[in-house]
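This is what each chain is made of:
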Amino acid sequence: MAVKFQDYYELLGITRSASDKEIKAAYRKMARKWHPDLHPSAEKKEAEEKFKRVNEAYEVLKDPEKRSRYDHLGSRWKNGQDFQAPPDMDGARFYSANDVGSGSFEDGFSDFFNMFFSGGAGSRPSRGGRTVHRGPVRGEDLESEIELTLEEAYQGVTQSLRISGRSACAACGGAGVRDRSFCAQCGGTGAVTNEKTLDVKVPAGVKEGIRIRLKGQGGESTGGAPKGDLFLKVRLRSHPVFKLKGSDIEIDTTIRPDQAVLGDRIPVQTLDGQVNVKVPAGSRSGSKLRLKGKGFPANKSTRGDQYIRLVIDTPPNPSEAEKELYKKLHELRKSGK
Ligand SMILES: [Zn+2]
């Protein structure tokens, strides 16, 4: 029986030396191009035929065994040409479901396909009895970010997080094709976007850049294999007051000239709340006071320090009485007393 030759490489627009990756990419491109839903009704029929042929081409070229059998036919055949099976081909492979005339398609596949690659209807298991098994595949690990204030990172927090990530489509196992047509679940892309809201418990003392692992919250698996994990990379939001330098915290504190000269006790913000700090008499602008162990956790048992940088500034609205005293100070300085 003569059938019409199908040029699978031409159908996918690739060369005979295309890699598996190129074949897959070409298939996805062509399947999208010819998807019947994307064409107006006048073109639907043609798109449908093309779509079936593209799927058929992929069915053969994605499978190394089928591809090598196909390649064995040689490159002299042209698409649509009357084709007679060569006598050296394995007889068991030759099969036609019924003696349909060449050019008509049975069950979505061409006669050419049915003759070589199928038991008449469908491709799995093949005429040779070989069933393609896809073993269980563990879900992909996903990565996302979680943004925390310095206080949240210090104390720990439970944060509601909306997670979205791409993972292999469980319905088609990432192939993009199911039951010989476009996988409806993933639109033929082989991947799906997962969105979910998670209550994430962030332990106290997490640092910028560390990854929190949420077991089993990653990509879907197939065949009962474990799901992937979700890794959340910690980002610390910049703080209006605290500057984090390693495990130390630095803050700027403004004091008045009289406080600098005479010394004072001033309130200072720390991660543990407000404390009173002694400013020594004769403090200079830019000098630093250290609060030992009031920084960020360096490890489980130790913490960095907090540094208070003194900035001496003039009081914004001095009263008349204050101005009188400054005048007096000024004259005393001038006269050298
Ligand atoms: Zn799918």
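First, a word on what this report is: a plain description of the structure on this page. (Residues numbered from 1 in each chain as written. Predicted model: local features only at pLDDT ≥ 70, side-chain atom pairs only at ≥ 80, totals over all residues. Heavy atoms only, no water.)

With 33 residues, the main nonpolar core has I146, L148, V200, L232 and I308 as its most contacted residues. Counting residues per element, this core draws most heavily on strand 11 (residues 230–236), at four residues. Two domains each donate at least three residues to this core, and these are domain 2 (142–236) and domain 3 (243–335). Not counting the four nearest positions on each side in its chain, V200 is found in contact with I146, V157, T158, Q159, L161, L214 and L232. Counting residues in each nonpolar core, the second largest holds 31 residues, with Y9, A57, W77 and F109 among its members. (Core = buried A, V, L, I, M, F, W, Y, C linked by side-chain atoms within 4.5 Å. Buried < 20%, exposed > 50% of the residue type's maximum accessible area, 1.4 Å probe, protein only. Helix = DSSP H or I, 4+ residues; strand = E, 2+ residues; numbered from the N terminus. Domains from an automatic or database assignment. Contact = heavy atoms within 4.5 Å.)

So, on to the pattern of salt bridges. A side chain with one charge can pair with a side chain of the opposite charge if their charged atoms come near. All told, the structure shown has 22 salt bridges when counted by the stated rule. Between E143 and R211 there is a salt bridge whose closest N-O contact spans 2.5 Å. You can see E143 sitting in strand 5 (residues 142–148) and its partner R211 sitting in strand 10 (residues 211–214), a full 68 residues away along the chain. The exposure class of E143 is partly exposed, given its relative accessible area of 48%. In this structure R211 comes out as partly exposed when scored by relative accessible area, which is 45%. A salt bridge links K294 to D272; the shortest N-O distance between them is 3.4 Å. Taken together, the residues span a long stretch of sequence, with K294 in the loop between strand 16 (288–291) and strand 17 (306–312) and D272 in the loop between strand 14 (264–270) and strand 15 (273–279) at a distance of 22 residues. Relative accessible area serves as the criterion here: at 38%, D272 is assigned to the partly exposed category. Three or more residues joined by partner-sharing salt bridges are found here, namely R16, D20, R67 and D71. (Salt bridge = Lys/Arg side-chain N within 4 Å of Asp/Glu carboxyl O.)

Along any regular strand, the residues point their side chains to alternate faces of the sheet. In the sheet, strand 14 pairs with strand 15 via seven bridges, with the strands oriented antiparallel. Residue pairing in the sheet places P267 in a bridge with N276 of strand 15. Linking two consecutive strands that pair antiparallel, namely strand 14 and strand 15, is a turn of two residues. (Pairing = 2+ DSSP bridges.)

Turning next to the sheet that holds strand 13 (residues 248–255). Hydrogen bonding along the main chain pairs the strands of a sheet, whether they run parallel or antiparallel. Here four strands make up an open sheet; going across it, the order is 12-13-17-16 and the pairing mixed. This sheet does not close on itself; its edge strands, each paired only once, are strand 12 (243–245) and strand 16. The sheet shows a mean angle of 30° between the axes of neighbouring strands, taken without regard to direction. (Axes fitted to C-alpha atoms, helices over the stretch in contact; angles between N-to-C directions.)

The quantities given are spatial measurements derived from coordinates; they are silent on function.
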